[in-house]
Amino acid sequence: MKIIVNIIILVFFGTNVSQSQTLDDYLKIAAENNPGLQVKYREFEAAIQKVEQVNTLPDPNFSFGYFISPVETRVGPQQARFSLTQMFPWFGTLKAQGDAAALMAEAKYQSFLDARNRLYYQVAAAYYPLYELNQWKEIERENIEILESYKTIANKKFENGAGTMVDFLRVDIMLKDATTNLSILNDKEAPLLTRFNKLLNREEDALVIVEDSLFAQALPDNFRKDSLLTNNPVLEELELKIASSEATEKVAYKKGLPKFGVGLDYVMVGERTDLASDMAAPQDNGKNALMPMVSVSIPIFRSKYKAAVKEAQLMQESFALQKEDLANTLTSKYEMSWFEIQQQQELLELYDQQIQESNQALNLLFTAYGNSGKEFEEVLRMQQQLLKYEKMKATAETQYQIALARLNYLTAKTY
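The following refers to the structure shown. (Residues numbered from 1 in each chain as written. Predicted model: local features only at pLDDT ≥ 70, side-chain atom pairs only at ≥ 80, totals over all residues. Heavy atoms only, no water.)

Let us now look at the overall build of the chain. Helix and strand counts for the chain stand at eight helices and four strands. When its helices and strands are written in sequence order, the chain yields α-α-α-β-β-α-α-α-β-β-α-α. With respect to the principal axes defined by its C-alpha atoms, the chain has extents near 150 × 65 × 30 Å. Here the chain holds 415 residues, and 38% of them are scored as buried. For the chain, restricting intrachain contacts to residue pairs at least 6 apart in sequence, the fraction spanning at least 24 positions comes to 85%. Surface accessibility of the chain: about 24800 Å² in total, with carbon and sulfur atoms responsible for 56%. Of the side-chain charges in the chain, 44 are positive and 55 negative, and the distance between the mean point of each set is 5 Å. (Helix = DSSP H or I, 4+ residues; strand = E, 2+ residues; numbered from the N terminus. Buried < 20%, exposed > 50% of the residue type's maximum accessible area, 1.4 Å probe, protein only. Contact = heavy atoms within 4.5 Å. Areas by Shrake-Rupley, 256 points an atom, 1.4 Å probe, with all protein chains shown as cover. Lys, Arg positive; Asp, Glu negative; His and termini not counted. Charge placed at Lys NZ, Arg CZ, Asp CG, Glu CD.)

Notably, Asn222 is not glycine yet its phi reads approximately 55°, a positive angle. With respect to the helices and strands, the residue Asn222 is situated in the loop between α5 (165-199) and α6 (233-255). Judged by its relative accessible area of 48%, Asn222 is partly exposed. The backbone of Ala412 sits at a positive phi, close to 55°, despite the residue not being glycine. Of note, Ala412 is situated in the segment after α8 (376-410).

In this section: the side chain of Asp114. Along the polypeptide, Asp114 turns up in helix α4 (residues 93-159). If we ignore the near neighbours within four places in the chain, the residues touching Asp114 are Pro233, Val234 and Tyr409.

Of the voids in this model, the largest pocket is the one considered here, and its volume is about 460 Å³. In terms of lining residues, the largest pocket is bounded by 20 residues, among which Ala100, Ala101, Ser244, Thr248 and Val251 are the most central. Of all the secondary structure elements, the ones that give two or more residues to the lining of the largest pocket are α3 (35-54), α4, α6 and α7 (303-372). Split into classes, the residues belonging to the lining of the largest pocket amount to 13 nonpolar, four polar and three charged. Approximately 260 Å³ is the volume found for the second largest pocket. Contributing to the lining of the second largest pocket are 16 residues, with Leu23, Tyr128, Asn408, Lys413 and Tyr415 lying nearest its centre. Listed by contribution, the elements that provide at least two residues to the lining of the second largest pocket are α2 (23-33), α4 and α8. (1 Å grid on protein atoms, 1.4 Å probe; cavity = no way out; pocket = protein on both sides within 12 Å on 5 of 7 lines; lining within 4 Å. Points joined across faces, edges and corners; volume = space filled by probe spheres on them. Nonpolar A, V, L, I, M, F, W, Y, C, P; charged D, E, K, R; others polar.)

Here we take up the packing of α4 against α7. As a packed pair, α4 and α7 sit with axes 12 Å apart at the nearest point and diverge in direction by 25°. What the angle tells us is that α4 and α7 run roughly parallel. Viewed along their axes, α4 and α7 form a crossing whose handedness is left-handed. Contact residues: α4 offers Tyr150, Ile153, Ala154 and Lys157, while α7 offers Leu362, Phe366, Tyr369 and Gly370. Grouping the constituent residues of the contact of α4 with α7 by class yields six nonpolar, one polar and one charged. (Axes fitted to C-alpha atoms, helices over the stretch in contact; angles between N-to-C directions. Parallel < 35°, antiparallel > 145°, perpendicular 65-115°, else oblique. Left-handed = near helix turned anticlockwise from the far one by under 90°.)

By themselves these figures say nothing about function.
Structure below.
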């Protein structure tokens, strides 16, 4: 009994939680679970690790040598040699390398932000067709109920001699069409749910709660246009890549300058045993030798350094051109999205008027048919006209919201 009560509580509260989900909730789920977005964040984290790799000195070199045939010297035979050397790049090279890597890591983060914003748009673009589908199904169900009532009326009219069998057959044909349309709409739900749930990395048939109505708000002219070229992560990513290439150019130049090395050599020396007496032994007989060293690399072959500098300069030009091209593309896409929003607003106003007038005309035609038993074909035609406008309105509401979501993506809206 306790288990049954717990199941009921879970089902009740689980249902309430799921019903409280909004599009913003789904966006949050997608941001947390989408594997493609996680890939972008892992790339950013990996880029951060690169900073530490290039911002430190190269490893010191240690070497050991053993004289198989000892080299005789005045103070004794050399038996073994230990060497320790540390190289230092030209002044500022490590800082420039660290700056280049850090800027590239920031660029990766901007790429992650763009991927997140694009995911938000994709989720919205997959969510609103579910709203359209639900609206179409509801409209079709209401249409079937109305047609069934028309079929009953036409049958009674025919039985009473006030109507014709043709009217009955017309309704029957339209009713079969409506039933088939509803069946197709029901079949369409599965792929739409799969597309939406997979963006959230959930099971294909996971429950999705969709709003019952949408509100197409009137937007001011140039809505969010001031954010188009100032907050876009891709533009910021390219700007950071330009800065990173500038730092890379400095690195390439500095690598063409000499490198310095300091080190120590420690030589183990044995005592001389070929002397006639201790009095003949030289000073420091058998004493080990310690020798500090300084080395300088000489970058004679300049072509590779010049090529590296040129490569960095060309990459700067490439990123600058990409940025200019993207700015042009964003501007054109904004204008197209803004046109689509305005277009759908005008269509929604038109469809509201058409639905209202179609309802009025349908009521008048149905009243006339009830009185005379004639013009039933006009009643059916007007009913289908009303059905068409209701579906077109649902589609316009969907397209408006998708266009708005696209515009929000282009202008990098934060949620």
